[in-house]
Amino acid sequence: MSPVDPVGRSAGTLTDQARGLLRDERVATRSGWLQAVHPIVKLLGIVALIAVTVPFDTPGPPAAMLGLTIGLAVLSRVPLATHALRTGVPMAVSLVIVAPQAVLLPGAPLLGPVTVPGISYAATFTLRVGASVSLLGLLLSTTRFASLLGALRTLRVPQTAVALLAITYRHLLVVFEELSRLVLARRSRRVRSATLRESWLEAGSLLGTFLLGALDRGERVGRAARSRGGTAGRGYPRQRAVGLRDAAFAFVVFATVAAGVLWP
Amino acid sequence: MHIPDGYLDLWIAALVGLASIAVLAIAVRRSAGALDGPRAPLLGVTAAAIFAAQMLNLPIPGGTSVHFVGGAFAAILLGPHLAALAMTAVVAIQALVFGDGGLVVLGGNVFSMAVVEVYVGYAVYRVVRPYHKPAAVFAAGWAGISVAALTAAIMLGASEAFAYEVTTVLAIMGGWHILLGIAEGAITLLAYEFVAETRPDLLADRSPTIDSRRLLRRGTAVVGGLVVLSPAFAWGAQQVNYTEPLEHAAATTGATAHAVRTLPSLLPDYGIAGVDPYVGTLVSGLVGATLVLVIGWLAGRPLIPDSEPR
Amino acid sequence: MAVNALTARDLSFGYPDGTAALDGLDLTIEAGERVAILGPNGAGKSTLLSLLAGLREPAGGEVSYFETGKSADDLRDRIAHCPQAPVDYLFNATVREDLEYGPAQLGIDRREAEERVDALAAEFALEGLLDKPPFRLSGGEQRRAALAAALSVEPDLLLLDEPVADVDAGHRETVLDALDRRTEAGMTLVVSTPDADLVPQVAHRVVVLDRAGSIVRDGPVRDVLTDGDLLRDVGVSPPQLVEAFQRAELDNPPLTVTDAVERLRDLDDC
Ligand SMILES: Nc1ncnc2c1ncn2[C@@H]1O[C@H](COP(=O)(O)OP(=O)(O)O)[C@@H](O)[C@H]1O
Ligand SMILES: [Mg+2]
C-alpha cells in the first residue's frame, strides 16, 4: 500500500468530510445568538444579506459585510479558526482567479502595470466572495440540517424534494463509512503499489460495487418507508416561539439590507 | 465546477434557477408516481452514494488526481429524470451542508451539474448506443462533464460580476474540462462494465419513451441552438458590459490565449487566422471537441477490463 | 369463527437476477395466531415476509388481509413489518423521530404519538438513546429500536424478520415479553427464524420452508419440532432440548426450559 496512492487517499477525504459534518452538527447545538434564531428567519435573512452584497462594485460594502459576519460568528460561538479557513480558502482561490484583472483593466496606473480600477475590482470581487461564503458558513454551522429542512417545508418547498434531501443527508455518513471501508479493504489486500491501469480498473469495479450496494440499500429503505406509511415526509413540527434573538437578527438584516439598497 | 456566491450576477442566477426548476418539474412529472412510493429513498440513498463516490480520487499521469462526478453514470443507471433529481439532491446537499457552491447561485449549479450534465450525458448515450455500447458510455461521461463546464463558463462569462469575457472563460474552463472529461468517460465506462457484468438486469432497456432518432433530432437541435447562441451570448455580454471597451476584450483574450498555451491543448490559439474571432472560437471548439472524442475513444479502449475472472 | 388476518394464494416471486425465491405458495393465518416461519438461510423467509407485507409485487398470486379486499398500502395502520436489517428500517435523524415516523405518516395526533414514544422507549429500554442517530446504535439496540418503531403504529398484524438475531440474553426477554403482551391483546404475529430453539418462545404454529422456498410442513409447534428428521432434512437443527431427550431415548421431549426442568424432576423422583 503506497501512501501517495490517490485511490487509497480517498478514504481519508471521506473521513475528513464526515468529521466536518459532525463538527457542524456539534456547533449548531451550542447556545449562541444565531443558533437561537428561527431557521426560517435565518435562512431568509442570510439569503437577503448575500443578495444585497453581491451587486456592489466597490470594496467598502462587502468588506463591511465580512466584518459583520465575523461579529455574528463571535456572538454565536462559532470556532473562529475553522470559520476563517472555510472563508479564507475560497477567497484566496477567487483572488488568484481575478488577479490578472488588476493588470488588464485600463485606468490610472498604480504601480507598474497594475491599475487603480484593476486592483479595486480584484479587491471587490474577493471581498464579495468572502462575505457571501462567510454568510453561508454561518448559516451552516449554526443550523441543524433537520431544522433547515423544517424551514424549507414551511416555505412550501414540495414534500418530495424535502424528503429526498432528508434521506440523502441521513445516509451520508452511512455511505461515507461504507465506501472508505471498501477502499481500505481493497488497499489492504494489495502488496505493491498499483500501476495507473490497475488503479483505474480497481476504481471502476469499486465504484460499481459501491453504487450497486447503494441501489440495493435504497430499495430496502424504500420498502421500510412504504411499510411505515410512505415518504410523504410528514413530521411533528418542533414549534419554537419567535423571541428577542429572532427580532434582533431580523433587525440586523433589515438595517443592513436597507443600508445596502440606499448606498449612494 | 461549484460556483460560489459572488461570481454570478443575480439576474443570471435567478434566470438559470428558474430554468432548473422548470426542468426538474418536468422530471418529476415524467417519473410520475415513481417518486412518492419507494423511489424517494432509492434516490436519496443513491444521491448520498454519488456524493461519496465523488471523493474517490483517481491518479492521472503527471502526479495529480481527478475525481468521479457521476452525472452521466446516474443517467444511464436510473434514467435521465430520476438521475437529474438525484444529482440535484447531491448539489443541494453540497451547498446546504458543506458550503460547496453558493446559496443564491444554487439554481445555477443545479442547472450545470444536475440538469445539463445528466441530460446531455443521457442523450449522447442514447444516440451512440446503437452503434457501439462502450463508446456510448464513454462519450456520455465525457460529453456530460464537458458541456456542463461549458454551461458554467457561459454563466460566468455572461456575468458582469466576473470580469472575464465569455470566450476567455469558455476557452479556459471548457478546454480544461474537455480534458478532464476523458477521465470521467473512462471511469464511467469502467463502472458500467462492472454493472453490466454483475447486474445486467439493471441496464436492461426500460421501454424507452422516445426513439433514438427523435432523440438525435432533438439533441442536435438543442446543441446546435446552444452552439449558435454562444457567440450571441458573448456578443450580448460585451454589449451590456460597457465598463469595458470592445477593443480591450482583444487584449484580454490575447492574454488568455497565452495562458492557455501552457496547457497541453490541441488548438493553442482557440482561433483561426483570417477568420472572425467568434466564428474561429466556434470552429476550433468543435474541432477540438471532435478530436478529444476520438482520442478518448481510442484511449478508453485498453481500459475496458479483460474478461478474465476477477 | 375468527377472521383470517392474512391469506396468501399461489404466491410466486423471482428476483430480477433470475433467482426463483418462491413458487406457488399458499398460507392462511387466522387473526390472533402466533406463527413462526422456520427455514435455513436462503430459504426465502425474508422474501416471503416482505411479500406478505405487500412490499414487493408478487410475480403471481395474491395476498389479502383481514378479509377486507384492501391492499396492504391502504392498511398500513394495521400491518407492520420489521425487516431483517434494522439499519435500513431506521432512516430518520434520531431514534425519537424514527419512533414518531409511523404515527406521523398515519396522521395520528401529536400528543398521542408522544405518549406512545415514551411508553415504547420505557418498554424497550431506549430512554437514553432517543436523541442519538440510529446508525450509531449497536446491533441489538438497533433491533429493539426498529421493533419499537414497528409497534408505534399499534398494528393488528406484525411480521418480524429474525427479531432477536443480535439481541443479548437480557434484552431478548424484554423483546419476547413485549411480543407476548401484544399477542395476548389480540395482535397476530408472524416471526421468521432459522433457529428452532426460538420457535416455542414466540409461536404456537410453525411453517417450515425448505431450501427451495416451498412449505414442507405446517402444524402445531410440538408436532413439527419433535420431527427431527424433517428439520435436519431441510437444514435446520432441532431444538437442543428435543435433541437431548431424543438421544436419551425419552419420549415426549419438552420444548421449553421450564417443561424440561419439570420432566427432569419427575425422572429423578422415579
Ligand atoms: N436482492 C436480491 N437479489 C437477488 N437474489 C436475492 C435477493 N435477496 C435474496 N435473494 C435470494 O433469494 C433467496 C431467498 O432469500 P431470503 O428471502 O433472504 O432468504 P432467508 O431470509 O430465508 O435467509 C436466496 O437464494 C437469496 O440468495
Ligand atoms: Mg432472511
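Rules used in this analysis
- Residues numbered from 1 in each chain as written.
- Chains lettered and ligands numbered in written order.
- Predicted model: local features only at pLDDT ≥ 70, side-chain atom pairs only at ≥ 80, totals over all residues.
- Heavy atoms only, no water.
- Helix = DSSP H or I, 4+ residues; strand = E, 2+ residues; numbered from the N terminus.
- Rg over C-alpha atoms; globule rule 2.2 N^0.38 Å.
- Contact = heavy atoms within 4.5 Å.
- Buried area = accessible area lost by both parts, 1.4 Å probe.
- Salt bridge = Lys/Arg side-chain N within 4 Å of Asp/Glu carboxyl O.
- Polar contact = N/O pair within 3.5 Å; in protein donor to acceptor, adjacent residues only side chain to side chain.
- Nonpolar A, V, L, I, M, F, W, Y, C, P; charged D, E, K, R; others polar.
- Pairing = 2+ DSSP bridges.
- Axes fitted to C-alpha atoms, helices over the stretch in contact; angles between N-to-C directions.
- Donors = N, O, S within 2.8 Å, 3.2 Å for Na, K, Ca; no water.
- Buried < 20%, exposed > 50% of the residue type's maximum accessible area, 1.4 Å probe, protein only.
- Patch = residues over 30% accessible without salt bridge, like charges linked within 9 Å, V, L, I, M, F, W, Y side chains within 5 Å.
- Areas by Shrake-Rupley, 256 points an atom, 1.4 Å probe, with all protein chains shown as cover.
- Lys, Arg positive; Asp, Glu negative; His and termini not counted.
- Charge placed at Lys NZ, Arg CZ, Asp CG, Glu CD.
- Near = heavy atom within 4 Å.
- Parallel < 35°, antiparallel > 145°, perpendicular 65-115°, else oblique.
- Left-handed = near helix turned anticlockwise from the far one by under 90°.

Novice: Teacher, can you tell me more about the overall build of chain A here?
Specialist: Looking only at helices and strands, one finds eleven helices and two strands in chain A. Reading chain A from its N end, one meets helices and strands in the order α-α-α-α-α-α-β-β-α-α-α-α-α. Taking 2.2 N^0.38 as the reference for a compact globule, 264 residues should give roughly 18 Å; the C-alpha atoms of chain A span a radius of gyration of 23 Å, well beyond that estimate. Considering only C-alpha atoms, chain A reaches an extent of 60 × 55 × 30 Å along its principal axes.

Novice: What exactly am I supposed to notice about the interface of chain A and chain B here?
Specialist: How big an interface is tends to be reported as the loss of accessible area on association of its parts. With 73 residues of chain A in contact, the opposing surface of chain B contributes 73 residues. The largest share of the area that chain A buries against chain B comes from Leu164(A), Trp200(A) and Leu215(A), three residues that together contribute 12% of it. Summed over the shared surface of chain A and chain B, the number is zero salt bridges. If you look at where chain A meets chain B, you find six residue pairs in polar contact (both at pLDDT 80 or more). Counting residues per element, the ones that place at least two in the side of chain A that touches chain B are helix H1 (6-28), helix H3 (39-53), helix H5 (80-98), helix H6 (101-104), helix H7 (116-142), helix H8 (145-154), helix H9 (159-188) and helix H10 (196-227) of chain A. Partitioning the side of chain A that touches chain B into residue classes produces 47 nonpolar, 17 polar and nine charged.

Novice: Looking at this model, I keep getting lost on the sheet that holds strand S4 (residues 60-65) of chain C. Mind explaining?
Specialist: In sheet architecture, strand pairing relies on hydrogen bonds along the backbone and comes in two forms, parallel and antiparallel. Residues and elements named next belong to chain C. Pairing is antiparallel in the open sheet, where three strands are placed in the order S2-S1-S4. Since the sheet does not close on itself, it has two edges, and those belong to strand S2 (20-30) and S4, each with one partner. Each neighbouring strand pair of the sheet contributes to a mean axis angle of 15°, computed without reference to strand direction. Along the sheet, helix H1 (residues 45-52) contacts strand S1 (4-14), S2 and S4; its crossing angle with S1, the most-contacted strand, is approximately 125°.

Novice: What should I look at first to understand the interface of chain C and chain A in this one?
Specialist: With 31 residues of chain C at the interface, the matching set in chain A holds 26 residues. For chain C, the biggest contributors to the area lost against chain A are Asp88(C), Phe91(C) and Gln105(C); these three give 26% of the whole. Summed over the shared surface of chain C and chain A, the result is six salt bridges. The partner of Asp98(C) in a salt bridge is Arg228(A), with the nearest N and O atoms 3.2 Å apart. Where chain C touches chain A, the interface holds twelve residue pairs in polar contact (both at pLDDT 80 or more). Breaking the side of chain C that touches chain A down by element, the ones donating at least two residues are strand S5 (79-82), helix H2 (86-89), helix H3 (95-105) and helix H4 (110-123) of chain C. When residues in the side of chain C that touches chain A are grouped by element, the largest group, eight residues, is from H3(C).

Novice: Just to check I follow, could you spell out the coordination of the magnesium ion (ligand 2) for this structure?
Specialist: Residues and elements named next belong to chain C. Taken together, the protein ligands of the magnesium ion (ligand 2) are Ser46 (OG) and Gln84 (OE1), with distances of 2.0 to 2.1 Å. Pair noted here: serine 46 is in helix H1 and glutamine 84 is in the loop between S5 and H2, with a separation of 38 residues, a long-range link. Take serine 46: its relative accessible area is 27%, and that puts it in the partly exposed class.

Novice: How do you make sense of unusual backbone geometry when you look at a structure like this?
Specialist: Phi is positive for Arg77(A), close to 55°, though the residue is something other than glycine. Residue position: Arg77(A) is located in the loop between helix H4 (60-75) and H5. The phi angle at Glu154(C) is positive, at roughly 50°, despite the residue not being glycine. Mapped onto the elements of the fold, Glu154(C) is located in the loop between helix H5 (139-151) and strand S6 (157-161).

Novice: Teacher, can you tell me more about a negative patch on the surface here?
Specialist: Among the surface-exposed residues, Asp259(C), Glu262(C), Asp266(C), Asp268(C) and Asp269(C) lie close enough to one another that they form a single negatively charged patch. Inspection of the secondary structure assignment puts Asp269(C) in helix H11 (residues 257-269).

Novice: For this particular structure, what's the right way to read the site of ligand 1?
Specialist: Residues and elements named next belong to chain C. Neighbouring ligand 1 are the residues Tyr15, Asp17, Thr19, Pro40, Asn41, Gly42, Ala43, Gly44, Lys45, Ser46, Thr47 and Gln84. Backbone polar atom of glycine 44 to an oxygen atom of ligand 1: 2.9 Å apart, as the coordinates give it. Contacts to ligand 1 include lysine 45, whose backbone N or O atom sits 2.8 Å from an oxygen atom. Protein contacts shield 67% of the accessible area of ligand 1, which totals 560 Å² for the unbound molecule. By residue class, the composition of the shell around ligand 1 is three nonpolar, seven polar and two charged.

Novice: Please clarify how the packing of H5(A) against H7(A) should be interpreted in this entry.
Specialist: Angle between the axes and distance between the axes are the two parameters that describe a pair of packed helices. Residue and element names in this part refer to chain A. Between H5 and H7, whose axes approach to 8 Å, the crossing angle comes to 155°. With respect to each other, H5 and H7 are oriented roughly antiparallel. Handedness of the H5/H7 crossing: right-handed. A class-by-class count of the residues in the contact of H5 with H7 yields twelve nonpolar, eight polar and one charged.

Novice: Explain the environment of Pro79(A) to me, please; I cannot follow it from the model alone.
Specialist: Residue and element names in this part refer to chain A. Examined against the element boundaries, proline 79 turns out to sit in the loop between H4 and H5. Overall, proline 79 belongs to the partly exposed group, its relative accessible area being 26%. Taking the C-alpha atoms as reference, proline 79 lies 8.1 Å from valine 27; in sequence the two are 52 residues apart. Residues within four places of proline 79 in sequence aside, it is in contact with Val27 and Arg30.

Novice: Where do I start with the sheet that holds strand S8 (residues 205-209) of chain C in this structure?
Specialist: All names here are of chain C. Read across the open sheet, the six strands follow the order S5-S6-S7-S3-S8-S9; overall the sheet is mixed. The outermost strands of the open sheet, each flanked by one partner alone, are S5 and strand S9 (215-220). Looking at each pair of strands side by side, their axes are set apart by 15° on average, direction ignored.

Novice: So what exactly am I meant to see when it comes to the side chain of Asn92(C) here?
Specialist: Within the element layout of this structure, Asn92(C) appears in the loop between H2 and H3. Polar side-chain contacts of Asn92(C) include one of 2.7 Å to the side chain of Asp98(C). For Asn92(C), the residues in contact, after removing those within four places along its chain, are Arg170(A), Arg228(A), Glu97(C), Asp98(C), Tyr101(C) and Pro134(C).

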